[in-house]
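# Breakdown of the fold
Residue-level listing of the chains:
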Amino acid sequence: MKQAGTQAVLVQQDLSEVRKMIRQPIITVLGHVDHGKTKLLDTIRGTAIAEKEAGAITQHIGATEVPLRVIDEIASGLLKKYGFDVKIPGLLFIDTPGHEAFTSLRERGGSIADLAVLVVDITQGFQPQTIEAINILKSLKTSFIVAANKIDLLHEWNSKDGEFSANLLQQDQRAKEALDEKIYVLVGKLFEFGFQSERFDRCNDFTKQIPIVPMSAKTGEGIPELLMLLSGLSQKFLHGKLEAHESEAGKGTIIEIREEKGLGKTIDVILYEGMIKVNQEIVLGGKQGVIKTKVRALLKPKPLREIRESGDKFNSVKEVYAASGVKIAAPGLDNALSGAPIAVVKTGEEEKAIEQEMASIRIKTETVGAVLKADTLGALEALTLLLRKEGLDTKKADIGNITKNDIAEADSVKSKDPLKGVIFGFNVKEEEGVLEDAKKRGIKLFSGNVVYKLLEDYSAWVEEKRESKKKEKLAELTLPVKMRFLRNCVFRNSKPAVIGVKVLEGKIRQGAKVMNEEGKVIGKIEAIQSKNESIKQAVKGEEVAISISGAIVGRTIEENDVLLSSIPQKQFPQFAEIEDTLNVGEKELLNEIKEIVEKRKEAEEE
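Attention in this report is confined to the structure presented alongside it. Values in this document were obtained by computation on a predicted structure and should not be read as measured data. (Residues numbered from 1 in each chain as written. Predicted model: local features only at pLDDT ≥ 70, side-chain atom pairs only at ≥ 80, totals over all residues. Heavy atoms only, no water.)

### Points about the sheet that holds strand β23 (residues 422–426)
Spatially, the four strands line up as an open sheet ordered β22-β21-β23-β24, and their pairing is parallel. Of all the strands in the sheet, the pair left with one neighbour each is β22 (394–399) and β24 (444–448). Averaged over all adjacent pairs, the angle separating strand axes in this sheet is 15°, with direction ignored. As paired strands, strand β21 (residues 370–374) and β22 are joined by five bridges and run parallel to one another. Across the sheet, the residue bridging to Ala370 is Thr394, located in β22. Across the sheet, helix α11 (residues 404–414) lies against β21, β22, β23 and β24, angled at about 170° from β22, the strand it touches most. (Pairing = 2+ DSSP bridges. Helix = DSSP H or I, 4+ residues; strand = E, 2+ residues; numbered from the N terminus. Axes fitted to C-alpha atoms, helices over the stretch in contact; angles between N-to-C directions. Contact = heavy atoms within 4.5 Å.)

Here you go:
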């Protein structure tokens, strides 16, 4: 009987039956940004991927195989204690990004996951992306375990490598109480989402309760319990789901396209169903449609190595069984799309199925929107999702570097809406002459290799532009102001009248017309002075001298009179655009002035 290596455990059956295998369960890791997802896997496999990631946040789906022998080494005592007889060949971790911008990537990862680990920083509790991850898992009906990470940061807690259960016995009462307090905050939040939960060692029914594992990815505490639960629960409750026929055609998801020395373009794939062999025909999603090709080589990552690493970390194999991370070398992969489906050709219907799946994930575009360029389909989906949340549609979404044609597309949008005529580039470069063309046309480019940072930069830019526009608008409008003519503060009676006033509300600005409380215009403010120095405006509470052309003290104005800015009727609707620049008092004054102006106009028309 053929051996399937570590990818599967063969179940002996009647020779007339097709051989069955028990595959590795696929584990997805979700959670809020910086809560320690990559660091958790980092601790398990002993590499340093977390520190290499741009912005210390995972940007692409990665995969890590943890063989059963490693789980046995770390957690054999716990497996026996909890009565788990593990027969699965190991665990396959998919490390998916945690920021909310990556919902589509997580949904793709979550949809093929057997179990999930929800990583929560125990010192921070539930955050926006934690809630988003729970909603995804709930909608996909994926069972999960909560990894309550960073217990090493808890006051009084002395964290060290190894079993949490053993270390718990060494803690004083205050440390135990501090931990319990944080655990039950998580229990309460999970209950809000309809889940019963408890600290793992207090669970009495794993089919009804979500186990919470206190742990530290930094020190390694709690890792044995986490691996014990993932492998034990997979074995106990997913045994039927993990069975697969040896002859089943392989299906997977492309997670990355890479150039490999001596092989050319290769695709990194998560194989979640069936098997794939060298020389088999495969179909996969591409930029211009479905790609049909033949497998030239299969490279399996050596155990405990990240699939994204390269060089001698891979073994060449003849066949691969699910669940696995595998690198595939084949002709014609230049236009392969990261995030697209892949299938082994068996019935001839696979090409049509891939076409239908690709059509379902195609990004919808609008006439007015941003131009998006990225290196993967997943990144394009992520950008599109968050931009939509920001109220920005997509004009064009494509894989590849930023071109002059992209600048022209953005320019056509800019003429209709300046805030939407922009370009986002994720993990791509600008072709020659693009930056000069963008500068010439006034097109803003947002480029980088951390998706959420691109969106943050865009939001800051939009806010800056809006504030600038508001300032320009404010400069055109007559601001609301109410002031009192101070007694014994007449410096000149007329031509122009120079008087002392106190600002009761709003702002006095040079050039504004002023009226009395009946709405009669008495003149225009020519200048403002404070302590013998000219100023452009005065605010509430200030006492200043103003010169008013057209006003005559003793005839059109008197001491102690209340004066207001005379705002033209056509300007009132324009204040709606910049309403947030006015405080409550200024808004009330604006309405008061509007009423006076309208009454004056009605009186004049009668």
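### What to know about the environment of Thr556
Among the structural elements, Thr556 can be located in the loop between β31 (543–549) and β32 (562–565). You can call Thr556 partly exposed: its relative accessible area is 30%. It is 9.4 Å that separates the C-alpha atoms of Thr556 and Lys520, two residues lying 36 residues apart in sequence. Within polar-contact distance, the side chain of Thr556 engages the backbone nitrogen of Ile552 at 2.8 Å. (Buried < 20%, exposed > 50% of the residue type's maximum accessible area, 1.4 Å probe, protein only. Polar contact = N/O pair within 3.5 Å; in protein donor to acceptor, adjacent residues only side chain to side chain.)

### Description of the pattern of salt bridges
A side chain with one charge can pair with a side chain of the opposite charge if their charged atoms come near. Inspection of the entire model under this criterion finds 23 salt bridges. The shortest N-O distance in the salt bridge between Lys373 and Asp406 comes to 2.8 Å. Note that Lys373 is positioned in strand β21 and Asp406 in helix α11, a separation of 33 residues in sequence. Across the pair, Asp406 and Lys373 agree in class, each one buried. Overlapping salt bridges, with partners in common, bring together Asp180, Arg199, Asp201 and Arg202 in one network. (Salt bridge = Lys/Arg side-chain N within 4 Å of Asp/Glu carboxyl O.)

### Some details on the nonpolar core
Counting residues in hydrophobic clusters, the biggest one holds 63 residues, and the most contacted among them are Leu40, Phe93, Phe144, Val146, Leu226 and Leu230. With seven residues, helix α8 (residues 223–237) is the single largest residue contributor to this core. The residues touching Leu230, leaving out its near neighbours within four places in the chain, are Ile27, Leu91, Phe93, Leu115, Val117 and Ile145. Counting residues in hydrophobic clusters, the runner-up holds 56 residues, among them Ala322, Ala379, Leu380 and Leu387. (Core = buried A, V, L, I, M, F, W, Y, C linked by side-chain atoms within 4.5 Å.)

### Considerations on a negative patch on the surface
Taken together, the side chains of Glu595, Glu598, Glu602 and Glu605 present a region of like negative charge at the surface. Tracing the backbone shows Glu595 in helix α14 (residues 584–605). For Glu595, a relative accessible area of 49% puts it in the partly exposed group. (Patch = residues over 30% accessible without salt bridge, like charges linked within 9 Å, V, L, I, M, F, W, Y side chains within 5 Å. Areas by Shrake-Rupley, 256 points an atom, 1.4 Å probe, with all protein chains shown as cover. Lys, Arg positive; Asp, Glu negative; His and termini not counted. Charge placed at Lys NZ, Arg CZ, Asp CG, Glu CD.)

### Overview of the packing of aromatic side chains
In the structure shown here, the tally under the stated rule is ten aromatic pairs. An angle of 10° between the planes, with centres 6.0 Å apart, marks the rings of Trp157 and Phe164 as stacked. On the basis of relative accessibility, which here comes to 6%, the residue Trp157 falls in the buried class. A residue is classified by how much of its surface remains accessible, and Phe164, at 0% relative accessible area, is buried. Where Tyr458 meets Trp461, the ring centres are 6.1 Å apart and the plane angle is 35°; that geometry is what we call tilted. Here Trp461 and Tyr458 lie together in helix α13 (residues 451–476), a separation of three residues that amounts to about one turn. Taken as a pair, Tyr458 and Trp461 share a single burial class, namely buried. (Phe/Tyr/Trp six-rings, centres within 6.5 Å; stacked < 30°, edge-to-face > 60°.)

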